[in-house]
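Residue-level structural notes
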Amino acid sequence: MSYNEEETRFHLIDPELRKKGYDNHRWLKLETPAPVEPTGPKGRRRKGSGRIDYLICVQVGDMPKPLPVGVLEAKKGTEDSLKGMQQAKGYAECKRFEVKYVFSTNGYEYGEFDFFTSLQKGPFPFTDFPTHTELTARYAKDTGIDVTQPEVQMLFQADSPAWSQTRYYQDAAIRAAFEKIIRRQQSNEPARVLLTLATGAGKTIIATNLLWRLSQASQLPKPALFLCDRDELRTQAYSKMKAAFGDNARIVETKQGGNAAQNARIHIATYQTLGLDDDEGFASFLSEHYGENAFSVIIIDECHRSAWGKWSEVLKRNPDAIHIGLTATPRKLHESKHATAEDQKITANNVKYFGEPVYEYTLIEAQEDGYLAACEIVKRKASIDNTVFTREEILKAGVKDIRTGKPLTEEDLPKAEYTGKDFDDELFIELRTPKMCEDLFKLLCQNGGPEQKVIIFCTREIHADRVAMQMNNLYARWCQEQGQIPKDHYAFKCMGGPNNGSDMIEPMRGSGERAFIACTVDLLEAGVDIERLNAVVFFRYLQSPIKFYQMVGRGTRIHEETEKYKFWLYDYTDVTQLFGTDFITKPPRPGGGGKSGDGGEDGGDSGDDDPPSVGVIAGQSVMVNAQGRFILSRRDGKDTPIPVDEYRREVIQRVLSEAHNLDEFRELWIETQKRRQLINHLLGDNFSPEVIREIDQMSDFDLYDFFGHHGYHARAFKRPERGEHYITHNQSWFDGMDSKAAIVLKGLGHQFAQGGTDALETPALWDVPEISNAGGLDALRALGKPVRVMHEAKERLFGV
């Protein structure tokens, strides 16, 4: 008997696993959501389910939770058990799921990949699959971790009841951290751990459950410290940790002259609260309220960014604690000449201090798993940005101070030349911002409408003011044309400090009726979760890939309520070239200053009584030109924007490799199983034909016509056209058969016109009134076997 994948699991795999001692606690079903893809304004989830496999676990005594050590991929009974078990895939699976062994089975035989030896073996009879006892002993021998020892109990602890529905990668990250901690403790070395996960992957929940499991394993004899650098991050961490620890999680702050978190088990602080940003190097609050080795565990949130500060002080005062760094972007730094030798040793290189990340989970992996939103990139460029202005040309153009309108002199222009990267920062071009805003507003209208949640990253505060003004004016005119009442606070500047727009973050996050366009410099760069965000826009140039990834991360979260599975990245300054680059940057100048191109949060406009002059010139022609659309994918292990033309070419090449001419392709397409296999191959290679079909504005065409047009230069028919052609050009065929059968077969043309090929291959087809009332399958039996009749009908449907 032939089993599909689900039947293979039920009839063959599950019973054998139980025989081998893997009861329901010792193997867990690994199931992910369906992947997301960037089709339509908001994206969508693919049809069907995501990944369904097994986590093979070992269990010790009555410990609360089993420990995953292997992943078992189930295949249908007729597939080769070794199919797809390449060495590279085996290694990747081990790292992704934080397991040591990858197995693959069709229920009759199995193969395996061993992380320690990098060897692939098999096939073996599935009846010889290692028992629970055998696999437990093998894991202990291979890892050097004796699972019966008390210090290993942390590996077998359950998550906090408040956050018990963790995703597989969150659990994997915690287990990876624990394994390193155990090995370091066994060798009497300091435990230093780095976890790298994409923005939006839930690092705070990971930190909460990690601390919870340590606590349950009696590994928190002293308090734990969660350290971040922004109030928003501290508030988010407190919310998550309080849900788990209750009043045992508290914010570090001065209260009645003392430390409000004094008696808590979990202390949540910012660097500023501890006095770690003191220019004199004296960590006042830290030294006053905490002695040496006051903490069992210290977690540094966003450690890539925090490395610039003085947080090394808290680590130096707690050398015996477990130090854990959390980041989306591990930072490798060029050495700073101004840092002390000791600070250089700790802060100059996260990887050098914490070691290589014990677990990594990328944006692309999260998109493939359906946990983060897909991304479509639209690149534009202002024509003026290719121009270089000399100081003399600027003076001749009548440059004025943008704040006062007074003419500037040669002494006010420190540079000999100004390029595109200086525009709207040190030199404003009068029409550049209006033209870019006008272009962006048109794109928003084309891709979902102007009332979307958008962050525009600007060069500095005066630039953000002007962008907000332009966007509000464009929106007001649009509302007037549409006869619509404008909604409140459409576009707003969002900067730090009182009355500067930061109070609009909450309505932007929570309301669908106001606060749509946030114009900022750095304030929204990190630590602000806006799940419903539809677009991230770059009007500023960047050199730092770290800052770029943090900014892009604002759009990656999925918002189920508004069905947002995709975000747009509108790139006006070629920043998307930073995708996939190494995170190597120079430290900022002492004092935390620096040019606003990559620098401080105030954008260079705040806190200075006499800011330097910023010039503006008129009389320059500005056009905004399209630079192409791109699909974010992963190539050679790096995040890579793939040009649409290249993406299309690779999709079509994949189709041509399976069907060399139109006749072969037609025959493949008619066979349901072969057609689905082709689509699955494309999706498995991270190609979505529906994405490219939409970009090519061929959504009214079935994929058959899309592939036929691009791959075989055939004429493409829209679905209604092909359905109608099938009915009108086969009239003699219909006239020569039973009338009810003719009605059923004509109904296929009507259904194809509405839903394409998919509409002909769903059980719901036979419930359509036109078809069911005529007898459905029974009516077709008058012509022969329904399968053969349907095959002939499809040949006629696709035969033109």
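A few points on the structure. (Residues numbered from 1 in each chain as written. Predicted model: local features only at pLDDT ≥ 70, side-chain atom pairs only at ≥ 80, totals over all residues. Heavy atoms only, no water.)

**A word on the overall build of the protein**
Within the protein, the regular secondary structure consists of 30 helices and 32 strands. Taken against the 2.2 N^0.38 rule, which gives 28 Å for 800 residues, the C-alpha radius of gyration of the protein at 30 Å falls within 12% of a compact globule. Principal-axis analysis of the C-alpha atoms gives the protein an extent of 95 × 75 × 45 Å. Taken over 800 residues, the protein has a buried fraction of 56%. In the protein, once contacts between residues fewer than 6 apart in sequence are set aside, the share between residues at least 24 apart is 72%. Entry remark: accessible area of the protein is about 34500 Å², with carbon and sulfur atoms responsible for 47%. The protein carries 102 positive and 119 negative side-chain charges, and their two centres are separated by 1 Å. (Helix = DSSP H or I, 4+ residues; strand = E, 2+ residues; numbered from the N terminus. Rg over C-alpha atoms; globule rule 2.2 N^0.38 Å. Buried < 20%, exposed > 50% of the residue type's maximum accessible area, 1.4 Å probe, protein only. Contact = heavy atoms within 4.5 Å. Areas by Shrake-Rupley, 256 points an atom, 1.4 Å probe, with all protein chains shown as cover. Lys, Arg positive; Asp, Glu negative; His and termini not counted. Charge placed at Lys NZ, Arg CZ, Asp CG, Glu CD.)

**Thoughts on unusual backbone geometry**
Cis geometry is adopted by the peptide bond preceding Pro123, which originates at Gly122 and carries an omega value of 5°. For Gln697, which is not glycine, the phi torsion reads 55° and is therefore positive. Within the secondary structure, Gln697 sits in the loop between α22 (689–695) and α23 (703–712). Its relative accessible area of 72% is what places Gln697 among the exposed residues.

**Thoughts on the sheet that holds strand β23 (residues 427–429)**
Read across the open sheet, the three strands follow the order β21-β30-β23; overall the sheet is mixed. A single partner strand is all that each edge strand has here, and the edge strands are β21 (400–401) and β23. Note: β23 against strand β30 (residues 615–617), three bridges, orientation parallel. In the strand pairing of β30, Phe428 is matched with Val616. (Pairing = 2+ DSSP bridges.)

**A look at the pairing of strand β10 (residues 224–228)**
The buried fraction of β10 amounts to five of the five residues, a majority that puts the element mostly inside the structure. Alternating residues of β10 divide into Ala224, Phe226 and Cys228 and Leu225 and Leu227, and every residue in both groups is buried. Here β10 pairs with strand β14 (residues 266–270) via five bridges, running parallel. For Leu225, the partnering residue across the bridge sits in β14 and is His267. The pairing of β10 with strand β15 (residues 297–300) spans four bridges and is parallel. Paired with Ala224 across the bridge in β15 is Val297.

**Observations concerning the side chain of Lys100**
As for its position among the elements, Lys100 is in the loop between α2 (87–97) and β6 (101–105). Separated by 3.3 Å, the side chains of Lys100 and Glu98 make a polar contact. For Lys100, the contacting residues outside a window of four places in its chain are Val69, Cys94, Phe113, Asp114, Phe115, Phe116, Tyr139, Thr143 and Glu179. (Polar contact = N/O pair within 3.5 Å; in protein donor to acceptor, adjacent residues only side chain to side chain.)

**Thoughts on a negative patch on the surface**
Taken together, the side chains of Glu392, Glu393, Glu410, Glu411 and Glu417 make up a negatively charged region of the molecular surface. Within the secondary structure, Glu410 sits in the loop between β21 and β22 (417–418). The partly exposed category is assigned to Glu410, whose relative accessible area is 44%. (Patch = residues over 30% accessible without salt bridge, like charges linked within 9 Å, V, L, I, M, F, W, Y side chains within 5 Å. Salt bridge = Lys/Arg side-chain N within 4 Å of Asp/Glu carboxyl O.)

**Topic: the packing of helix α20 (residues 662–670) against helix α21 (residues 672–684)**
Look at α20 against α21: their axes get within 5 Å of each other, and the N-to-C directions meet at 105°. The angle between α20 and α21 falls in the class roughly perpendicular. Only Thr672, Lys674, Arg675, Leu678 and Ile679 of α21 make contact with α20, whose side of the interface consists of Phe665, Leu668, Trp669 and Ile670. Taken together, the residues of the contact of α20 with α21 sort by class into six nonpolar, one polar and two charged. (Axes fitted to C-alpha atoms, helices over the stretch in contact; angles between N-to-C directions. Parallel < 35°, antiparallel > 145°, perpendicular 65-115°, else oblique. Nonpolar A, V, L, I, M, F, W, Y, C, P; charged D, E, K, R; others polar.)

**Some points on the pairing of β14**
Of all five residues making up β14, five are buried, and the element is well covered by its neighbours. With three bridges joining them, strand β11 (residues 249–251) and β14 adopt parallel strand pairing. Paired with Arg250 across the strands is His267, a residue of β14.

**Here's the deal with the packing of aromatic side chains**
Given two aromatic rings, their pairing is described by the distance between the two centres and the angle made by the two planes. Applying the stated criterion across every chain, the model contains 41 aromatic pairs. Judged by centre distance (5.4 Å) and plane angle (15°), the ring pair of Phe665 and Tyr704 falls under stacked. A residue pair is termed long-range when its members are at least 10 positions apart, and Phe665 in helix α20 and Tyr704 in helix α23 qualify at 39 residues. Judged by its relative accessible area of 3%, Tyr704 falls in the buried class. Of the aromatic side chains, those joined through ring pairs into one cluster are Tyr22, Tyr101, Phe103, Tyr110, Phe115, Phe116, Phe124, Phe126 and Phe129. Geometry around Phe516 places Lys453 over its ring, the cationic atom sitting 4.9 Å from the centre. Arg796 extends its terminal NZ or CZ atom over the ring of Trp733, reaching a point 4.3 Å from the ring centre. (Phe/Tyr/Trp six-rings, centres within 6.5 Å; stacked < 30°, edge-to-face > 60°. Lys NZ or Arg CZ within 6 Å of the ring centre and 35° of its normal.)

**Some words on α23**
Among the ten residues of α23, eight are classified as buried, and the element is accordingly described as predominantly covered. What α23 keeps buried is the set Leu703, Tyr704, Asp705, Phe706, Phe707, Gly708, Gly711 and Tyr712. Structurally, α23 contributes buried residues whose contacts are with α19 (644–656), α20, α21, α22 and α24 (719–728). Two residues or fewer past α23, His713 is found with a positive phi of approximately 60°.

**So, the packing of helix α15 (residues 432–446) against helix α16 (residues 461–482)**
At a minimum axis separation of 9 Å, α15 and α16 run at an interaxial angle of 50°. Judged on the interaxial angle alone, α16 and α15 are oblique. For the crossing formed where α15 meets α16, the hand is right-handed. Contact with α15, carried on its side by Thr433, Pro434, Cys437, Glu438, Leu440, Phe441, Leu444 and Cys445, involves His463, Arg466, Val467, Gln470, Met471, Leu474, Tyr475 and Trp478 of α16 and no other residues of that element. Looking at the contact of α15 with α16, its residues break down into eleven nonpolar, three polar and two charged. (Left-handed = near helix turned anticlockwise from the far one by under 90°.)

**Some thoughts on empty space enclosed by the protein**
A complete count under the given rule lists two cavities of 30 Å³ or more for this structure. Estimates place the volume of the second largest cavity at around 40 Å³. Leu662, Tyr704, Asp705, Gly708, His709, Ala714, Arg715, Arg722 and Val800 together form the lining of the second largest cavity. Top contributing element to the lining of the second largest cavity by residue count: α23, with four residues. The residue makeup of the lining of the second largest cavity, split by class, is four nonpolar, two polar and three charged. (1 Å grid on protein atoms, 1.4 Å probe; cavity = no way out; pocket = protein on both sides within 12 Å on 5 of 7 lines; lining within 4 Å. Points joined across faces, edges and corners; volume = space filled by probe spheres on them.)

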